[in-house]
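# Per-entry structural report
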Amino acid sequence: MTIFQTVKMLFEIVFAPKWCGPGDWSSEGCITTLIHGEFVCSCNHLSFFAVLVNSKLSVDPVNVANLGYISYIGSLFSVVFTTVTLVMYTCLRKGHSEQSISIHVQLTGALLFLHLSYLLSEWWVWREADGAEGHVCLAFGLLLHWALLSTFTWLAIEGFHLYMLLVRVFNIYVRKYLLKLSLVGWGIPTATVTACRFLGVYGIHSFYMTGANNGSSTDICWISSATDSPGVVVSYITVSGYLGLVFLFNTAMLGVVVVKLWGQRGEGRMWKDWATVLGLSCVLGVPWGLAFCTYGPLSLPGLYLFSIFNCFQGVFLFLWFLALSRKGRPEHSSVKDSSSQKMMETNFN
């Protein structure tokens with residue numbers, strides 16, 4: 001039995017899809033109601049990560065289950081590896097690279113909060129079933145929104161920091177630079193969720209699954225999908241709109257890096273340049289742009305790609321850190337490699 005099969009079996013025990021209907025499936029956690037002459041089964045479990053960035057999804061129960069397993073397993077791995085990465089950052093940091101390390105630590109911390117709050121939100125809805133709507137669910141929804149916005153903000157700060165290092169000057173001095181970045185990184189999400197809390201947008205978010213004979217739906221503690229709530233507008237502005245701005249800015253910064261690497265290309269460096277670009281893509285959150293591929297005819301492949309790349313982002317950051325730690329070891333390198341090496345070390349050391 002593979003590691004993936006073992007983890008999936010454990011999640012089946014905790015988050016088993018208990019659809020309503022005949023057979024051996026348990027109805028625990030599901031509510032059957034009669035609406036306009038049709039029975040509707042609402043099961044409070046097996047949501048998936050992409051719901052956070054696209055509130056209007058249309059997915060069948062089989063793919064909901066598959067995406068749910070990917071989301072839970074990926075988020076669990078990200079929680080573990082971001083925790084390990086934070087410890088490694090703390091233990092291996094060097095005095096001359098304090099600013100960059102602090103930025104990476106806070107991005108990693110935001111990712112840790114995001115995946116942990118997502119798992120806790122899912123666990124609470126599964127645990128409470130029909131009684132999930134309440135103050136605790138509201139708190140989990142607020143925490144999840146705050147963590148998501150914090151992640152987006154720190155991704156944007158990574159792009160800004162890269163701009164300061166590569167586009168302007170390498171040794172620029174800004175008074176209380178880290179303090180200002182921290183106020184922006186944590187202050188914007190805090191102010192946003194505080195305003196959203198007064199608007200009363202947090203609670204149960206439900207989406208109905210296609211192809212289900214009984215009109216099954218699945219829930220998560222998030223921005224409420226109730227018709228009398230301004231949650232849809234808030235979601236589009238604070239999530240989709242904000243993500244779009246961050247994605248455009250960081251993609252532009254990544255393009256600057258690609259141009260610089262291309263202008264200094266040499267023999268035997270292509271794979272190193274690709275490694276640099278792929279690593280920076282993860283750091284800058286470029287895969288989050290796959291959220292915009294979850295609309296339209298290619299939405300299902302987009303959902304799978306989005307879930308895989310972003311649920312496991314904590315793992316990718318950990319692997320990138322290990323690669324850079326190895327790069328940081330003293331070794332003889334040619335002059336041709338110094339630019340790519342400096343670019344990698346500047347961004348992550």
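Each value, and the rule that gives it
- For every chain, the first residue of its written sequence is number 1, and the numbers climb from 1 along that sequence.
- For a predicted model such as this one, the threshold for reporting local features is a pLDDT of at least 70, and the threshold for listing and counting side-chain atom pairs is 80 or more; totals across whole chains, interfaces and linings nevertheless cover every residue.
- The side-chain figures draw on all heavy atoms in the structure; neither hydrogens nor water molecules are used.
- UniProt positions are given in the numbering used here, feature names are shortened, and annotations may be inferred rather than shown by experiment.
- Helix and strand assignments come from DSSP, with helices taken as H or I runs of at least 4 residues and strands as E runs of at least 2, each series counted from the N terminus.
- Helices are assigned an expected span. That span is 1.5 Å times one less than the residue count.
- The buried label applies to any residue whose accessible area, calculated with a 1.4 Å probe on protein chains only, is under 20% of its type's maximum; exposed applies above 50%, and partly exposed to all values in between.
- This arc is built from the directions going out from the helix axis to the C-beta atoms.
- In this description, a line fitted to the C-alpha atoms serves as the axis of each element, helices being fitted only across the stretch in contact, and the angle between N-to-C directions of two axes falls anywhere from 0 to 180 degrees.
- Angles are sorted into four bins: roughly parallel if under 35 degrees, roughly antiparallel if over 145, roughly perpendicular if 65 to 115, and oblique for all others.
- Crossings are classed by handedness, with left-handed meaning an anticlockwise turn of the near helix from the far one by less than a right angle and right-handed meaning a clockwise turn.
- In what follows, a contact means two residues having at least one pair of non-hydrogen atoms within 4.5 Å.
- Note on residue categories: nonpolar means Ala, Val, Leu, Ile, Met, Phe, Trp, Tyr, Cys or Pro, charged means Asp, Glu, Lys or Arg, and polar means any other residue, Gly included.

Named according to an unreviewed UniProt entry, the chain is G-protein coupled receptors family 2 profile 2 domain-containing protein originating from Oncorhynchus tshawytscha. UniProt annotates the chain under Subcellular location (unreviewed entry) with the comment "Membrane".

The terminal C-alpha atoms of helix α8 (residues 299-311) lie 17 Å apart, and with 13 residues this matches the ideal 18 Å at 1.5 Å per residue to within 8%. Among the residues making up α8, those that are buried are Ser299, Gly302, Leu303, Phe306, Ser307, Asn310 and Cys311. Seen along its axis, α8 keeps its buried residues to an arc of 130°; they face one direction.

Direction vectors running N to C along helix α2 (residues 61-92) and α8 enclose 15°, while the axes themselves pass 8 Å from each other. For the element pair α2 / α8, the angle class is roughly parallel. In terms of crossing hand, the pair formed by α2 and α8 is left-handed. Contact residues: Asn63, Asn66, Leu67, Ile70, Ser71, Gly74, Ser75 and Ser78 in α2; Leu300, Leu303, Tyr304, Ser307, Ile308 and Cys311 in α8. Of the residues contributing to the contact of α2 with α8, the split by class is 7 nonpolar, 7 polar and no charged.

Another point: the environment of glutamine 106. Mapped onto the fold, glutamine 106 is located in helix α3 (residues 98-128). In this structure the C-alpha to C-alpha distance between glutamine 106 and serine 150, which are 44 residues apart in sequence, comes to 9.3 Å. Not counting residues within four places of it along the chain, the set of residues in contact with glutamine 106 comprises Trp154, Ser182 and Trp186.

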